[in-house]
Amino acid sequence: EGTPPLPTVGARAAAHGQAMRHPRLVLPASIICLRAATATLLLVLLMPGLGAAALTAAASGVAAAAAAVAPAAAAASPLVSTPVGVARGAAESMPVHTMLPRRLAAVNAAVLTSLELVLSSLTVERRAPIFWQYSEIKYSLTVPSEAVAAALVATVGPGYEDEVEMYFHLPEDGTSQKLATGVTSSFVDVPTEEATKLVLEVKTEKGARATNYTIAVLRSTITSSYQFVIPDPAESVPPASTLTGLMVYNTFGAPARMNPFFFVPQRSQYIATFDFGIDWCWIVASKNDPDAAMGLRVNGQDWTALESGIGSSLLPVSNHGWLLLEVRVSSPSAMSTGSAPLVYQVVVAHQVICHERCRSCFGPTESQCLRCRAPLVLFEGKCELTGCPPDAYYEWQSYQCRRCHGSCAQCRGPGSRACSLCPALAFLAPTAWEDAEGPCVMMCPVGTFAHPPSRRCLRPPSVVVKTFYVRLVFREPYECARQNSRLQESIINTTAFVLGLSLSDVRPFSASSNNKRFQITIEVVSPFLPKADVDRVPMDLVTTHTWDELHPPMPAFPDEPLLPMWALGLIASGGTTVLVLIPLYLFYFRRLANTKKRYRARVGVDPVFLHEVVDESPAWIIRRFTAKAQGARNQLDRMD
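Here the structure is a predicted model, which means the values were calculated and not measured. Within each chain, residue numbers correspond to sequence positions counted from 1 in written order. A pLDDT threshold of at least 70 governs which residues receive local features in this predicted model, and a stricter bar of 80 or more applies before side-chain atom pairs are shown or counted, although totals over entire chains, interfaces and linings include all residues. Derived side-chain values reflect all non-hydrogen atoms in the structure, with water molecules and hydrogen atoms excluded from consideration.

> Teacher, can you tell me more about the overall build of the protein here?
Every helix listed is a DSSP run of H or I at least four residues long, and every strand listed is a run of E at least two residues long, numbered separately from the N terminus. For the protein, the count of helices and strands is eleven helices and 34 strands. Categorising residues by exposure relies on relative accessible area from a 1.4 Å probe, with only protein chains included: less than 20% of the type maximum marks a residue as buried, more than 50% marks it as exposed, and the intermediate range marks it as partly exposed. Within the protein, buried positions represent 36% of all 640 residues. Residue contacts are counted whenever heavy atoms from the two residues lie within 4.5 Å of one another. Residue pairs at least 24 apart in sequence account for 61% of intrachain contacts in the protein once pairs closer than 6 positions are excluded.

Written out as structure tokens, the structure reads:
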């Protein structure tokens, strides 16, 4: 399957080796046969002695040569179609009143001085001339993508005004319209998928001679300034529906100048240019899916089969317009998933004279340059500067300036992470503080603050970040401004822009009424901005306040006691318990316990004393002591 053949000697030989497929290569052999037969006929006429047999053989040779030349000439020019079968097929699609027996080109005089196609875009109308010849009945044109509608206008030549009648037919819906000389017909939509066929019927000699001229108009996806449609349809198709190579060659096997220069499978629009003097070309394409089928269509005509890696037949390159070549790739695997066949478009044209600043170009204007003359550099198709503008960078691969990403004010490369300077309300947030490039953000990441002089997000120095406030008073009534969220957001954005801070460093604090006027207080948190700089805010009344002014000190708390109340209560309860329980224990419980104990002689007491006092005491003394003890008990009982 491979890529298209390169413009080598082998490729040229292969191109010339397909003599059976290229009608222009077959034509010289037929002409040789015709010349040989003519020479034989002249020889017979000059030498009468050869006889009638030789004359008959020569005449047969001339007829055979003419029969060989006719199909080759018809195939060589797609604009001249003379087979009867084609005319019948075209007549079958005409309205009923036009299906009359007539010859292919019944008109035998140049009755029209001009035939033009009027192209209508959304704003302007342009005219594309059709080089009309009464002997050619089929024409095909490719128009730019901005031409959404088309119409015909024909001018009858002098002397034929009373003899010529013209009718405009649209085979798609069967409508007809009588045309007057120099008057534009009704406009018809021009699609990009299939060609719209416009039929001009020309009648001469009061209707005795009539010919239908068919103009096939197809709208390309490329603009007149060679701009491509975005997004490209090839970007959303599976790989099976793409090509691996596509190239256009001239009859000598030399490749055309392609734009873009390299083939990309995910790009379906290309421009091929040749120098003046190259009248024929052929196209070769290779498919990605071996099971896919490829078709070729020229200027919106019928689709024909195209083999992968094999060149097409020779195709004429117009000197006055475009030649649109379409290659359709139909992959069964891709179509089974719901993907439509992909169509590659190649606009073939002659190389135009470039502007004086352009080294190479694809158009005559100064904005259609491909390369620039030194010391100029290419930027957006123009060669006007010797260096890239501030919002662009130089791309070494293509030797031109490219505009920076939309989020960057200045950059060093493609993408949103190659910014070196950010626009208003955006700050550079590099991964490391020493990096020179990074993304532009509206709010600095957590832990960083906007640095106004450098327009970067930096970590704060080792100092306390002080917060201050900006109070703004507007003439706007409070009730109206309080409900206007867009006004409040605009105030925040304007304050951040003037102070050179990020939106993460400026936030609304409060909104109130000041004599029925709108008053808003904005909190500013930045270690890199002094409080005095807020006087530059262009408002009616601006006042600045410190943290202490908007946050008054809290009232002093009373002195706390040495011990809390619960501790004092615990100490008091503990002391009371000790003062009550100790005397009770010593003077009551302990004496009560002693009375219940049996008397025991202490160590050191003389046992004789115990025997004489206790055991040997008289009975009356014992009774007296007992009575005394008993009386004391009775007295205590009576008292209770």
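> When you look at the environment of Asp-232 in this model, what are you seeing that I'm missing?
Tracing the backbone through its elements, the reader meets Asp-232 in the loop between β9 (209–219) and β10 (243–250). Every residue in contact with Asp-232, bar those within four places of it in the chain, is listed here: Gln-266, Arg-267, Ser-268 and Gln-269. Between N or O atoms, a polar contact is any pair within 3.5 Å; within protein, one atom must be a potential hydrogen donor and the other a potential acceptor, and residues adjacent in sequence are included only when both atoms are from side chains. Polar side-chain contacts of Asp-232 include one of 2.9 Å to the backbone nitrogen of Ala-234.

> Looking at this structure, how should I read the side chain of Glu-326?
Note on placement: Glu-326 falls in strand β17 (residues 323–330). Assessed through its relative accessible area of 1%, Glu-326 is described here as buried. In terms of polar contacts, Glu-326 uses its side chain to reach the side chain of Gln-345, at 3.1 Å.

> I'm lost on helix α9 (residues 565–595) in this one. Help?
Each helix should span, by expectation, one fewer than its residue count multiplied by 1.5 Å. For α9, with 31 residues, the first-to-last C-alpha span of 45 Å sits near the 45 Å given by 1.5 Å per residue. Bend is computed residue by residue as the angle between axes fitted to the seven residues ending at the residue and the seven residues starting at it. Within α9, the axis deviates most sharply at Tyr-585, by approximately 45°.

> Is there a simple way to think about the state of the cysteines in this case?
A covalent bond between the sulfur atoms of two cysteines is what we call a disulfide. To count as a disulfide, a pair of cysteine sulfur atoms needs to be within 2.5 Å. The full count for this structure, using the stated rule, is seven disulfides. In this model, Cys-404 is linked to Cys-411 through a disulfide, with the two sulfur atoms separated by 1.9 Å. In this structure the cystine formed by Cys-404 and Cys-411 twists about its S-S bond by roughly -85°; its chirality is therefore left-handed. Accessibility assignment for this pair places Cys-404 and Cys-411 in one class, buried. Residue Cys-408 pairs covalently with Cys-419 via a disulfide, S to S 1.6 Å.

Note that every value here comes from positions in space, so none of it alone points to a role or purpose.
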